[in-house]
Amino acid sequence: MGSKPSKQSSIYGQVALSQAYRILGLGDRDENSPCYGCFDRSYWHYRQTDIVNARFQETCHFLALLYVYPASDNRFYQKDIIREWADATVDFWTYIQRSDGSFDEYWPFERSFVATAFSLAAAAETCLILSLDPPKDSILKACRWLDDNENLAVLNQMAGAAVALASSGVLLDDDNLSKQARRKIDRLLDRQAPEGYFEEYGGWDIGYLTINISYLAKYVQITNDEQVIAALKKAFRFLDGKIKANGSYDYKETSRKTQFFYPFGFRVMEENDILSRHRNGVTNNEVLNPSWMDDRFCVPLSIDYLQTAYVDLIEIA
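As the structure is a computational prediction, the values presented were derived from the model and not from experiment. (Residues numbered from 1 in each chain as written. Predicted model: local features only at pLDDT ≥ 70, side-chain atom pairs only at ≥ 80, totals over all residues. Heavy atoms only, no water.)

**Re the packing of aromatic side chains**
All told, the structure shown has 12 aromatic pairs when counted by the stated rule. Centroid distance Y197 to F238: 5.3 Å. Interplanar angle 50°. Geometry classified as tilted. With Y197 in the loop between α9 (175–190) and α10 (206–223) and F238 in helix α11 (residues 226–240), the pair connects residues that are 41 residues apart, well separated along the chain. Like Y197, the residue F238 is buried in the burial classification. With 5.3 Å between their ring centres and 80° between their planes, Y208 and F260 make a pair best called edge-to-face. (Phe/Tyr/Trp six-rings, centres within 6.5 Å; stacked < 30°, edge-to-face > 60°. Helix = DSSP H or I, 4+ residues; strand = E, 2+ residues; numbered from the N terminus. Buried < 20%, exposed > 50% of the residue type's maximum accessible area, 1.4 Å probe, protein only.)

**Quick word on unusual backbone geometry**
A positive phi is found at S131, a non-glycine position, where the angle reads about 55°. Mapping S131 onto the fold places it in the loop between α6 (113–130) and α7 (136–148). Look at N285: it is not a glycine, yet its phi comes out positive at around 55°. As for its placement among the helices and strands, N285 is situated in the loop between α13 (272–283) and α14 (295–316).

**Structural notes on the packing of helix α8 (residues 155–172) against α9**
Orientation of α8 relative to α9, taken along the N-to-C sense of each, is 160°, at an axis distance of 7 Å. With respect to their mutual orientation, α8 and α9 come out roughly antiparallel. The hand of the α8/α9 crossing is left-handed. Taken together, the residues of α9 that come into contact with α8 (itself represented by L155, M158, A159, A161, A162, L165, A166, S168, G169 and L172) are L177, S178, Q180, A181, K184, I185, R187 and L188. A breakdown of the residues in the contact of α8 with α9 according to their chemical character gives 12 nonpolar, four polar and two charged. (Axes fitted to C-alpha atoms, helices over the stretch in contact; angles between N-to-C directions. Parallel < 35°, antiparallel > 145°, perpendicular 65-115°, else oblique. Left-handed = near helix turned anticlockwise from the far one by under 90°. Contact = heavy atoms within 4.5 Å. Nonpolar A, V, L, I, M, F, W, Y, C, P; charged D, E, K, R; others polar.)

**Comments concerning a negative patch on the surface**
There is a patch of like negative charges on the surface, built from D30, E31, D80 and E84. With respect to the element layout, D80 can be found in helix α5 (residues 80–95). Overall, the relative accessible area of 48% leaves D80 in the partly exposed class. (Patch = residues over 30% accessible without salt bridge, like charges linked within 9 Å, V, L, I, M, F, W, Y side chains within 5 Å. Areas by Shrake-Rupley, 256 points an atom, 1.4 Å probe, with all protein chains shown as cover. Salt bridge = Lys/Arg side-chain N within 4 Å of Asp/Glu carboxyl O. Lys, Arg positive; Asp, Glu negative; His and termini not counted. Charge placed at Lys NZ, Arg CZ, Asp CG, Glu CD.)

**Quick word on the pattern of salt bridges**
This model, assessed by the stated rule, comprises 15 salt bridges. Salt-bridge contacts for R22 lead to D295; the nearest nitrogen and oxygen are separated by 3.0 Å. Within this pair, whereas R22 is found in helix α2 (residues 20–24), its partner D295 is found in helix α14, the two being separated by 273 residues in sequence. Its relative accessible area of 26% is what places R22 among the partly exposed residues. For D295, a relative accessible area of 34% corresponds to the partly exposed category. For the salt bridge of D240 with R277, the shortest nitrogen-to-oxygen distance reads 2.5 Å. Taken together, the positions of D240 in helix α11 and R277 in helix α13 put the pair 37 residues apart, joining distant regions of the chain. We classify R277 as buried; its relative accessible area is 12%.

**Here's the deal with the environment of L288**
With respect to the helices, strands and loops of the structure, L288 is situated in the loop between α13 and α14. Expressed as a C-alpha distance, the spacing of L288 and F261, which sit 27 residues apart in the sequence, is 7.7 Å. If we skip the residues at most four places from it in the chain, L288 touches Q259, F260, M293, L301 and Y305.

**Looking at helix α4 (residues 59–68)**
Taken across its 10 residues, α4 has nine buried, putting it largely inside the fold. Of all the residues in α4, the buried ones are T59, C60, H61, F62, L63, A64, L65, L66 and Y67.

**A few points about the packing of α9 against α10**
Closest axis-to-axis distance for the α9/α10 pair is 13 Å, and the angle between their directions is 140°. In terms of their interaxial angle, α9 and α10 are classed as oblique. Here α9 runs over α10; the crossing is left-handed. Within the contact between the two elements, α9 uses A181, R182, I185 and L188 and α10 uses N212, L216 and Y219. Class assignment of the residues belonging to the contact of α9 with α10 gives a composition of five nonpolar, one polar and one charged.

**Brief notes about a nonpolar patch on the surface**
The grouping of L128, V170 and I222 at the surface amounts to a nonpolar patch, some 210 Å² of accessible area in total. Judged by relative accessible area, which is 48%, V170 ranks as partly exposed.

**Structural notes on the nonpolar core**
Counting residues in hydrophobic clusters, the biggest one holds 108 residues, and the most contacted among them are L66, L146 and L239. In terms of residue count, α6 provides more of this core than any other element does, 12 residues in total. Every residue in contact with L146, bar those within four places of it in the chain, is listed here: F113, T116, A117, L120, A161, A164, L165 and K184. (Core = buried A, V, L, I, M, F, W, Y, C linked by side-chain atoms within 4.5 Å.)

Here you go:
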């Protein structure tokens, strides 16, 4: 396993790690259970729903990051059981897939674009991080479905789909999937407003724009695409005057009234001025963070925080 990590987490890592037990508690971790690897507690434990919300299976990505995050305050670092649970979460993701490759979020046979995009991105990233044998058939079915569908009213989902396809292309060494990802990116970039935002239900929304930025930054990590880098710089200019010194912003006039902020894209692209404001807000508990969120939204925001912390730690190591 190598030497014991000596570096302490940044504030993003501290917050993400504080949610680890909560997130683990969402999952069926009994290997003898038919729902082993399901992280929708309302389904497997409370029996409140008839279907699994596939967004909860994104927990596999959080577990993969827990396993590789080399911080002295991460008690889960390189623990075999964490890797096993991440693998089980990906396996259960394949179990709930519809025959056409899509996934449901809130109702049966919904064929949700967002659930398919983001859960596939998480599953592919998990396999890459942990060097798991990928569920190739399920991944290819999900990729085919995403290639045939889109949601141009909610552009952060298009960014998620692009990363899902691009990560799957890397995982399966499939150039065709990379081309599909590029087509999604082209559609997305064509719809960037002159001011720099990406539309969310007819207007601009800061919280969802930061999700878009995080996924586009991940796409840049995969491809180093100059057009996407330029688009991100425009988005940063749009946000610069809207993010306050403590990382908060006025959400009342935005299209979706969100109050969250995903930091990963700012960290990857070294947009340090805006990020430092948000980091101050998190440090002083003045902005919304994963511990303030319900279970459904805690998971993806914790993933983003932990990815940010990972970059922080690797760069100072």
